[in-house]
Amino acid sequence: MQSKRLPSNGHLESHPEQLTVALLGKRAELRNIIGNMILGSNAFDTESHILVVGETSSFKIINTPDFFDEESLHTDQHIIDLMALSHPGPDLFILTIDPENTQEVDVVAQISKLQHTFGERITEHLVVTLPDMESFHSLGHLKEIFDIWLAPDENLASECRNLCSDCDPFLYDYRHYSQDVVTRRKTALETIQKQRCGGDPPCDVGSAGTSAHGVPDNIFNIVLLGLTGTGKSASANTILAVGNTRRGSRQLFRSEPSSMPVTTQCEFRIMEKPFGVLVRLVDTPDFFHDQLENSKAQVEECKKYCQPGHCVVLLVIQLGRFTDAEEGILEKLEDKLGWKIRESTIVLLTHGEGLKKRSLLRFIHESAPLKNIVELCGFRYHLFNNSLKDTKQVINLIKKIPNYNKMFPKLTKNY
Ligand SMILES: Nc1nc2c(ncn2[C@@H]2O[C@H](COP(=O)(O)OP(=O)(O)O)[C@@H](O)[C@H]2O)c(=O)[nH]1
Ligand SMILES: [Mg+2]
């Protein structure tokens, strides 16, 4: 593909393999997540009202503000900037669909607007990312109608280069925007870039630059940790159920009784309701299970989401079934993850129906090792009955997240 591409700017000469990707969509947080996933860094971390460029030698990602905001006074400027920064055309457009806009009519309207703005052929270079497998299935037919690629968020990073491997370069058509204006803007942006950066290394206008791999992005993570069979996946599903509307229902995590690990790798779902901001719900395998292959790699994957200040850990323990293996589990997890997760941990006890009418606090006090863990976690604990899909137990859990009212101000208003 690169050999077919016209050289559009200085970066291609230094990085001939570099692909240029235009990142579009209504929600800044989601665009940031996708952009960071592809770059393998935390280059994008704010809601920006200008175009932000993040680069590695493999990718140049142009993260655009919301083109679909009818009230924006700057849409034309943003479109011209995108055309200038990716002149004569990017290798790929990625349209990120957020969990609240997965209705077919919304998605079709966005694709049509892009065709109208940039040219009919955009669809041959367009990847639409969907937030869950359910919308992936329900919108599957759009693939044929528009000749686009549909991709669930999770697999995108590895797919990006494959997608570009055998298509002709995309070239903007200039039906609505003058080519002269775009090339003038391109020269102006290059001049600004040179003044700012001395031309080397590239750090375009509004550049986020790039940074170390594995640094967390700006999304808050809820990470479920614990041994096999304690109810991590079932608890994640209970949380997920609160945000599910009929049109936005999400694929559940696999949860079933088994002494062998059912969850064998870290998995996440992005949700917005009831938090009011995007939250990544991360289910993990039992890192201590001797049948878990690749345990080290899974811990590394988990570390991406489980970083101080960016997450809450739910340490899941089955009520009434505290095992020897769980003694010292908090310290062992801290060892693996490399920080004092206790500062951000809530002990989540499952099988709440087993408590009957007894007091939970008394129950905890009767088990010295359980009491010890709860104590180490600053007495943050909560009880779930995962056989009930009860919103209240989830909201009460969220309210135990340290600083929840600052992080989720809309939740405070709604509940
Ligand atoms: N009755 C009941 N069953 C539960 C509860 N939580 C989990 N389970 C069941 O326990 C089994 C193991 O749960 P799972 O979520 O797969 O555990 P994981 O290995 O920690 O992810 C599944 O059959 C769940 O349905 C609960 O609160 N009540
Ligand atoms: Mg599981």
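Residues numbered from 1 in each chain as written. Chains lettered and ligands numbered in written order. Predicted model: local features only at pLDDT ≥ 70, side-chain atom pairs only at ≥ 80, totals over all residues. Heavy atoms only, no water.

### Details of the pairing of strand S10 (residues 311–318)
Keep this limit in mind: Only protein chains enter the area calculation, which uses a 1.4 Å probe; residues under 20% of their type maximum are buried, those over 50% are exposed, and those in between are partly exposed. Helix and strand labels come from DSSP, where a helix needs a run of H or I of at least four residues and a strand needs a run of E of at least two; each type is numbered from the N terminus. DSSP-based pairing: two strands are paired if at least 2 bridges between them are found. The definition of a right-handed crossover adopted here requires that, viewed with the strands pointing away, the path from the first strand over the helix to the second runs clockwise.
Taking burial as the measure, the eight residues of S10 include eight buried ones, the bulk of the element. Residues Cys311, Val313, Leu315 and Ile317 of S10 are buried on one face, and the alternating residues Val312, Leu314, Val316 and Gln318, pointing to the opposite face, are buried as well. Relative to S10, strand S7 (residues 220–226) runs parallel, the two being bridged by six bridges. Residue pairing for S10: Leu225 is matched across the bridge by Leu315. Two elements, S10 and strand S11 (residues 345–350), share six bridges in a ladder whose sense is parallel. Paired with Ile317 across the two strands is Leu349, which belongs to S11. Between the parallel pair S10 and S11, the chain is carried across by helix H11 (residues 329–337), and the sense of this crossover is right-handed.

### A short note on the sheet that holds S7
Quick reminder of the rule: Note on method: axes are straight lines fitted to C-alpha atoms, helices fitted across the in-contact stretch only, with angles between N-to-C directions ranging 0 to 180 degrees. Working rule for contacts: check all heavy atoms of both residues, and any pair within 4.5 Å makes them a contact.
Within the open sheet, the six strands sit side by side as S8-S9-S7-S10-S11-S12. Their pairing is mixed. Looking at which strands have only one partner, the edges of the open sheet turn out to be strand S8 (267–271) and strand S12 (381–383). Across this sheet, the average inter-strand angle for adjacent strands is 25 degrees, counted without regard to direction. Set on the sheet, helix H10 (residues 295–305) makes contact with S7, S8, strand S9 (279–283) and S10; between it and S7 the angle comes to about 145 degrees.

### Thoughts on the environment of Ile373
As for its position among the elements, Ile373 is in helix H13 (residues 368–376). The class of Ile373 is buried, set by a relative accessible area of 2%. Aside from chain neighbours lying at most four places away, what touches Ile373 is Leu315, Ile317, Phe322, Glu326, Ile329 and Val347.

### Quick look at the packing of aromatic side chains
The relative placement of two aromatic rings is captured by the distance of their centres and the angle of their planes. We apply this condition: In summary, the pairing rule links any two rings of Phe, Tyr or Trp, Trp by its six-membered ring, whose centres are within 6.5 Å, and it sorts them by plane angle into stacked for under 30 degrees, edge-to-face for over 60 and tilted for everything else.
Using the criterion set out here, one finds eight aromatic pairs in the structure. Relative to Phe118, the ring of Phe93 has its centre 5.7 Å away and its plane inclined at 35 degrees; by these criteria the two rings are tilted. Here the residue Phe93 occupies a position in strand S4 (residues 92–96), and Phe118 occupies one in helix H4 (residues 104–118), the gap between them amounting to 25 residues. As far as the burial class goes, Phe93 and Phe118 line up, both buried. Judged by centre distance (6.3 Å) and plane angle (80 degrees), the ring pair of Phe93 and Tyr172 falls under edge-to-face. Linking Phe93 in strand S4 with Tyr172 in the loop between helix H7 (156–164) and helix H8 (179–197), this pair joins segments that are 79 residues apart in sequence. Members of the aromatic cluster, connected to one another through ring pairs, are Phe93, Phe118, Phe170 and Tyr172.

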